Amino acid sequence: RCSRDWSSDVCSSDLMLEQSGFSMWLLSSNSIWAYPTVLTAHTAAMMMMVGVSWMVDLRLVGFGKNIPLESLKSMFKLLWFAFPVSLATGTALFVADASKRGTSVLFLIKMLLIVAALLLMRVLRHHLSDMDPTVVSGTAKRLDGRAHV
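Now for a description of the structure that goes with this document.

Rules used in this analysis
- Residues numbered from 1 in each chain as written.
- Predicted model: local features only at pLDDT ≥ 70, side-chain atom pairs only at ≥ 80, totals over all residues.
- Heavy atoms only, no water.
- Helix = DSSP H or I, 4+ residues; strand = E, 2+ residues; numbered from the N terminus.
- Buried < 20%, exposed > 50% of the residue type's maximum accessible area, 1.4 Å probe, protein only.
- Contact = heavy atoms within 4.5 Å.
- Areas by Shrake-Rupley, 256 points an atom, 1.4 Å probe, with all protein chains shown as cover.
- Salt bridge = Lys/Arg side-chain N within 4 Å of Asp/Glu carboxyl O.
- Polar contact = N/O pair within 3.5 Å; in protein donor to acceptor, adjacent residues only side chain to side chain.
- Phe/Tyr/Trp six-rings, centres within 6.5 Å; stacked < 30°, edge-to-face > 60°.

Some points on the overall build of the protein
Within the protein, the secondary structure is distributed over 7 helices and 0 strands. Reading the protein from its N terminus to its C terminus gives the helix and strand order α-α-α-α-α-α-α. Buried positions account for 31% of the 149 residues belonging to the protein. If you take every contact in the protein between residues at least 6 apart in sequence, the share linking residues at least 24 apart comes to 74%. For the protein, the exposed surface amounts to about 9,500 Å²; the carbon and sulfur share of it is 68%.

Description of the pattern of salt bridges
One pass over the full model with this rule turns up 1 salt bridge. Arginine 101 serves as the salt-bridge partner of aspartate 97, at 3.9 Å between the closest nitrogen and oxygen. Residue classification places aspartate 97 among the buried residues on the basis of a relative accessible area of 17%. In this structure arginine 101 comes out as partly exposed when scored by relative accessible area, which is 32%.

Overview of the side chain of threonine 103
Tracing the chain through its elements places threonine 103 in the loop between helix H5 (98-101) and helix H6 (105-130). Using a relative accessible area of 10% as the deciding quantity, one classes threonine 103 as buried. In terms of polar contacts, threonine 103 uses its side chain to reach the backbone carbonyl oxygen of serine 99, at 3.0 Å.

Points about the packing of aromatic side chains
A full pass over the atoms with the stated rule returns 3 aromatic pairs. Judged by centre distance (5.5 Å) and plane angle (20°), the rings of phenylalanine 94 and phenylalanine 107 are stacked. With a gap of 13 residues between them, phenylalanine 94 in helix H4 (residues 73-96) and phenylalanine 107 in helix H6 connect regions that are remote in the sequence. As far as the burial class goes, phenylalanine 94 and phenylalanine 107 line up, both buried.

Next comes the structure, spelled out in structure tokens:
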């Protein structure tokens, strides 16, 4: 499944991951702890991250003005709880289909966008602590918009 556009080293590494004992167990085990649980945990973590992001986004663009910006800081704890779960389960899902995912340009773009969103969320959280609780700065709105392109 590796395309000829990619180096043979990348393809052989991906195939080695895909043919590992862990990958074989994940894909072929009848255990509920295999693929169904990993996929469910990944989906739940992604939903948590998207939900937190939307709550912050909506507040920054003006909805819920009676909710103090300071209270949004606690939402970032949920985000940083969900991220390692998503990272671990996403890695397991990648290993299960490495030769396809590792050579997919769309997958690589997705990974770059996730890194960019994480960096922007860190900057946004920093700006939240410096803001007047009644006003949302243009910088915060711009950063928020860039994190969710």
